[in-house]
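Residues per chain are reported as follows:
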Amino acid sequence: MDIRDLTADDLDAVLDNRKRAFGPLSGSDAETWRQVVLPVLPTGRYIGAFDGPRLVATARINAFTQWWHGRPMPMGGVAGVTVAPEDRGRGVGRALMQAVIERAADLGDAVSALYPATTPLYRGMGWEHVGGLTRVTLPTEALRALGAGAPGVKLRRMGPDDAPELIATIGRINAATRASGPVCYDERLWRLWLAEDDDFCYIADDGFVIYRWSGGDIEVDSCLAESETTARALWSLVGSASSIAKSVTAVVEPDDPVLWLVRERSKDEIRQTRWMFRVIDLPAAVARRGFPSGVSLDTPIRVEDPQRPANSGSWRLEVSSGEGAVTPITGTPTTGTPAAEAGPAFGIGGLSALFAGVSMATLRRTGLVSGGTAEDDEALDAAFRCTAYMLDYF
Ligand SMILES: CC(C)(COP(=O)(O)OP(=O)(O)OC[C@H]1O[C@@H](n2cnc3c(N)ncnc32)[C@H](O)[C@@H]1OP(=O)(O)O)[C@@H](O)C(=O)NCCC(=O)NCCS
């Protein structure tokens, strides 16, 4: 089997594989799909596995930005993973994901995330469950009522040319809120999404909302604001549909301010779609991540990464003044070192889960870490613990 970059000549076969994997696409959806993927082909971010001339499998590595404790870094968002039905169950998926890991490293994506349709394939290759995309359903009238607290906030309709301003706004908010997990598309993709006829897109000085009709109700893709007044203005704009739409289903942060702004709250009606995460290049990922400024840490850790041996070994992990670093521990005989002194030992899945904020208590009780001490656990939690989320599905 030969794994190589896909070209425009392969797109009919890719679409056929896609149909067999995810179901048919309407004519206009297939056209949008071509618009989205064509410019990706020369960037090395769409690979295919071939048996002779026949396309067997595909995977795309989207170029996203992802924030970790408020700091942006390039992230490879894996999507479009397909194996032809007649080739499934024979290790093609694994071989493809191995190629994805190597390619993401070559492209400089130190971290990667994906929404799994099935877990074992990705878990076996080092991705681990870390975060969710949360949808909450709220009564439209409760949102309309929020407008009373937001007089005079100016909202403007957005179109494709507002993409740069939108991207800058998202970056400012994610930095200010010390966000962990959310992603942002590049300008080209935002221009496409902001041209969608049936979406209503508004921007303010420090926030924006994107929503649409869904049946007789409203669906909110994102509603993000840095200040309370803008949050009130944006949510009440959505809520102004209350005479027609009785409920609003919105993608929100797990601790989204709207859940505190509404007057009544007792049972949250939420649904989560889970995503998985993998560290591709450990030193680069830690160097690019943000950390709480008050936390200091200096501890050895051990990492085992069968798919990317460059991540394997003993490392010194240091965090101080909001910055992190890992450096290889060399020249130390590891045999005979007591497990506690050698520090906690992670597989790459466990290490990825730690990086993305899963607690050491959870990692211990799922066998994703061994060795080290309770003090190590507390220090690692203080540095990495967060509730990772995304607001975008891909
Ligand atoms: C999911 C898919 C990519 C797997 O490809 P594949 O070549 O069959 O996978 P592999 O043979 O390399 O299997 C790798 C591991 O995944 C597991 N796996 C594969 N398909 C699975 C499924 N449908 N459900 C649960 N586990 C599955 C295998 O059992 C194996 O794990 P194991 O070694 O622990 O037994 C393929 O079935 C497919 O294209 N499905 C339709 C589209 C899809 O779901 N894509 C994924 C979107 S995120």
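Above this text sits the structure in question.
No experiment lies behind these values; they were computed from the predicted model shown.

As for the overall build of the protein chain
Counting its regular elements, the protein chain contains 14 helices and 18 strands. Rg of the C-alpha trace for the protein chain: 22 Å, near the compact-globule value of 21 Å for 394 residues, within the 12% margin. The dimensions of the protein chain, computed from C-alpha atoms along their principal axes, are 70 × 55 × 35 Å. Considering the protein chain as a whole, with its 394 residues, one finds that 49% of them fall into the buried category. Of the contacts made within the protein chain by residues no fewer than 6 positions apart, 73% connect residues no fewer than 24 positions apart.

Some thoughts on helix α14 (residues 374–384)
Of all the positions in α14, only Asp376, Asp377, Leu380, Ala383 and Phe384 are classed as buried. Angular distribution of buried residues about the axis of α14 spans 135 degrees; they occupy a single face of the element. Every exposed residue of α14 that faces more than 90 degrees away from the buried side is listed here: Ala374, Glu375 and Glu378.

Let's talk about the sheet that holds strand β14 (residues 297–304)
Here we have 5 strands laid out as an open sheet, ordered β16-β15-β14-β17-β18, and mixed in their pairing. What marks the edges here is a single partner per strand, and that holds for β16 (323–328) and β18 (369–370). Bridge count for strand β17 (residues 345–347) against β18 is 2 bridges, and the pairing is antiparallel. Bridge pairing in β18 places Phe346 opposite Val369. Each of β14 and β17 is contacted by helix α12 (residues 348–355), which is oriented at about 100 degrees to β17, the strand it contacts most. Contacts between α14 and the sheet are confined to β14, β15 (313–320) and β17, with β14 contributing the most and set at about 95 degrees to the helix.

Quick look at unusual backbone geometry
Positioned with a positive phi, Arg178 is a non-glycine residue whose angle comes to about 50 degrees. Tracing the sequence through the fold places Arg178 in the loop between α6 (163–176) and β8 (183–184). The exposure class assigned to Arg178 is exposed, which follows from its relative accessible area of 52%. Non-glycine residue Ser321 carries a positive phi angle of around 50 degrees. Residue Ser321 is classed as exposed on the basis of its relative accessible area, which comes to 62%.

With respect to the pattern of salt bridges
The final tally for this structure, using the stated rule, is 24 salt bridges. The salt bridge partner of Glu86 is Arg54, with a shortest N-O separation of 3.5 Å. Taken together, the residues span a long stretch of sequence, with Glu86 in the loop between β4 (71–83) and α3 (92–107) and Arg54 in strand β3 (residues 54–68) at a distance of 32 residues. A relative accessible area of 46% places Glu86 in the partly exposed class. The partner of Asp268 in a salt bridge is Arg265, and the shortest N-O contact between them spans 2.6 Å. Arg265 gets classed as partly exposed once you look at its relative accessible area, which sits at 38%. When salt bridges with common partners are traced through the structure, they connect Asp51, Arg54, Glu86 and Asp87 into a single cluster.

Topic: α3
Between its first and last C-alpha atoms α3 spans 22 Å; for 16 residues at 1.5 Å apiece the expected length is 22 Å, and the two agree. Those residues of α3 that fall on the buried side of the exposure criterion are Val92, Gly93, Leu96, Met97, Ala99, Val100, Ile101 and Ala104. At the C-terminal side of α3, Gly108 shows a positive phi close to 90 degrees.

Examining the pairing of strand β9 (residues 200–204)
Burial analysis of β9 places 4 of its 5 residues in the buried class, which makes it a mostly covered element. Pairing geometry for β9 and strand β10 (residues 207–214), over 5 bridges, is antiparallel. Paired with Phe200 across the bridge in β10 is Tyr211. Where β9 folds back onto β10 in an antiparallel hairpin, the turn is made up of 2 residues.

Quick look at the site of the ligand
Surveying the vicinity of the ligand reveals 18 residues, the closest of which are Val83, Gly89, Gly91, Gly93 and Arg94. Between the ligand and the protein, one listed contact pairs an oxygen atom with a backbone N or O atom of Arg90 at 3.2 Å. Within the backbone of Gly93, one N or O atom sits 2.8 Å away from an oxygen atom of the ligand. Here the shell around the ligand is built from residues that sort into 10 nonpolar, 5 polar and 3 charged.

What to know about the packing of aromatic side chains
A full pass over the atoms with the stated rule returns 14 aromatic pairs. A ring pair is formed by Tyr115 and Tyr393, whose centres lie 4.4 Å apart and whose planes are at 40 degrees; its orientation type is tilted. Within this pair, whereas Tyr115 is found in the loop between β5 (111–114) and α4 (119–123), its partner Tyr393 is found in the segment after α14, the two being separated by 278 residues in sequence. Chaining the aromatic ring pairs together yields one cluster made of Phe64, Tyr115, Tyr185, Trp190, Trp193, Tyr393 and Phe394. Directly above the ring of Phe50 sits Arg4, whose terminal nitrogen or CZ lies 3.8 Å from the centroid.

So, how was this worked out
- Residues numbered from 1 in each chain as written.
- Predicted model: local features only at pLDDT ≥ 70, side-chain atom pairs only at ≥ 80, totals over all residues.
- Heavy atoms only, no water.
- Helix = DSSP H or I, 4+ residues; strand = E, 2+ residues; numbered from the N terminus.
- Rg over C-alpha atoms; globule rule 2.2 N^0.38 Å.
- Buried < 20%, exposed > 50% of the residue type's maximum accessible area, 1.4 Å probe, protein only.
- Contact = heavy atoms within 4.5 Å.
- Arc of directions from axis to C-beta.
- Pairing = 2+ DSSP bridges.
- Axes fitted to C-alpha atoms, helices over the stretch in contact; angles between N-to-C directions.
- Salt bridge = Lys/Arg side-chain N within 4 Å of Asp/Glu carboxyl O.
- Expected span 1.5 Å × (residues − 1).
- Near = heavy atom within 4 Å.
- Polar contact = N/O pair within 3.5 Å; in protein donor to acceptor, adjacent residues only side chain to side chain.
- Nonpolar A, V, L, I, M, F, W, Y, C, P; charged D, E, K, R; others polar.
- Phe/Tyr/Trp six-rings, centres within 6.5 Å; stacked < 30°, edge-to-face > 60°.
- Lys NZ or Arg CZ within 6 Å of the ring centre and 35° of its normal.

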